[in-house]
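Analysis of the macromolecular model
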Amino acid sequence: MQYQGINHWEGLLDPLDDNLRWEILRYGQFVEAAYHSFDFDPSSPTYATCRFPKTSLLSRCGLNNSGYKITKNLRATCGIRLPKWINKMYELPRNQSSWIGYVAVCHDKEEIARLGRRDVVIALRGTSTCLEWLENLRATLTKLPNHMSKDNNVDDNNNSGGDNNSARAMVENGFLSLYVSKTATNPSLQDMIREEIARIIQSYGDEPLSLTITGHSLGAALAILSAYDITATLKNAPMVTVVSFGGPRVGNDVFRNQLEQSGTRILRIVNSDDVITRVPGFVVKNDDVASIGDVHVARLQSWFHKRVEDMQLVYADVGQELRLSSKESPYLKKGDFATCHDLKTYLRLVNGFVSSSCPYMNEVTEYQSEPLL
């Protein structure tokens, strides 16, 4: 449970504990499997679906010895609807609902004994479709819907006791849309996760359970939203841990505080050279303003804080952070924006990271990031 974050990974991140390293890489492989299983070809009749059946997905992605079985495929639905003229002009694929990952349950007795519990994994891929990219651009904060809110003083009109939005948990508009949107034929990602985790708890509730939600990029953001939702709405929820790779910011300070109070453990793997981890919005701390001696600078800081707050763009970083750097890695080619954000880059950095004082091993066994398809 130490590696699951029960003590917030105290003493395990700097230097990076080897057992924790392999656990991070193990969960990263589940996310890789989600990418490798997704049909990226817009001209394919199965575009935006899973290429493999549940029974063979993990084995086809090189995880046949993982000890896990997939119990549920997950889909995310976009709330954006493009006008028909845009689609005719640019011939954009308009898949409203796309396969985004899966739920897998550990069934191997030896693996359960090694972990000390039956682990449940939710693995979520990053942005892959046109509409998902458009959702990502909806960067302003929005209030959580009533059925997800942990606030006790919220009425049916989604209003708190006052008009101050800073007193409410708020999250990025596009991420929330992908999590809660549904169609007549496709339930929301939220509904699928709630239903499957409730079923698993009912099936294995007499055993020690843990729930690990892992994702990259957009998947990392949805992992944090899922963790918040599960702890807020499901009774007898097991310990919930998020292992995220290259994730953007998700919500405001109130959202972060409520996550911490719920007992959710979040480990964010961050590449300092990855721009995505520094968006959307801004992180503005009142302490910074108070500590500045120059009154003119302080006023400017306060003015800026008020402006971005009015625009619903004041975010907060969540959880514990394992900070890495592509530039400091001696065995990784210095890459562009896409390379710095790539999941393979993250896993190679984790594989070689030592500590903040001695960042990377001079010689390292190459992490095998290409699954056997």
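All of these numbers come straight from a predicted model, not from anything done at the bench.

Now for the overall build of the protein chain. Each helix and strand in the protein chain was counted, giving 13 helices and nine strands. In the protein chain, the share of contacts with a sequence separation of at least 24, taken over all contacts with a separation of at least 6, comes to 75%. Total accessible area on the protein chain is roughly 17600 Å²; 50% of this is exposed by carbon and sulfur atoms.

Per-residue pLDDT for the protein chain has a mean of 86; in total, 81% of the residues score no lower than 70. Low pLDDT, under 50, characterises residues 152–163; the stretch is placed with 17 contacts to residues that sit more than four places away or in other chains.

Our next topic: the pairing of strand β7 (residues 239–245). Within β7, seven of the seven residues are buried, which leaves it mostly tucked inside the rest of the structure. Neither face of β7 is left uncovered, since the one carrying M239, T241, V243 and F245 and the one carrying V240, V242 and S244 both have all their residues buried. Here strand β6 (residues 209–216) runs beside β7; their pairing, made up of seven bridges, is parallel. Bridging across to β7, T212 finds its partner in T241. For the crossover that starts at β6, traverses helix α8 (residues 218–233) and ends in the parallel β7, the hand is right-handed. Sheet topology note: the β7/strand β8 (residues 265–271) ladder contains five bridges and is parallel. Directly across from F245, in β8, lies its bridge partner I269.

Cut-offs used in this document
Residues numbered from 1 in each chain as written. Predicted model: local features only at pLDDT ≥ 70, side-chain atom pairs only at ≥ 80, totals over all residues. Heavy atoms only, no water. Helix = DSSP H or I, 4+ residues; strand = E, 2+ residues; numbered from the N terminus. Contact = heavy atoms within 4.5 Å. Areas by Shrake-Rupley, 256 points an atom, 1.4 Å probe, with all protein chains shown as cover. pLDDT = per-residue confidence, 0-100. Buried < 20%, exposed > 50% of the residue type's maximum accessible area, 1.4 Å probe, protein only. Pairing = 2+ DSSP bridges. Right-handed = clockwise from strand over helix to strand, strands pointing away.

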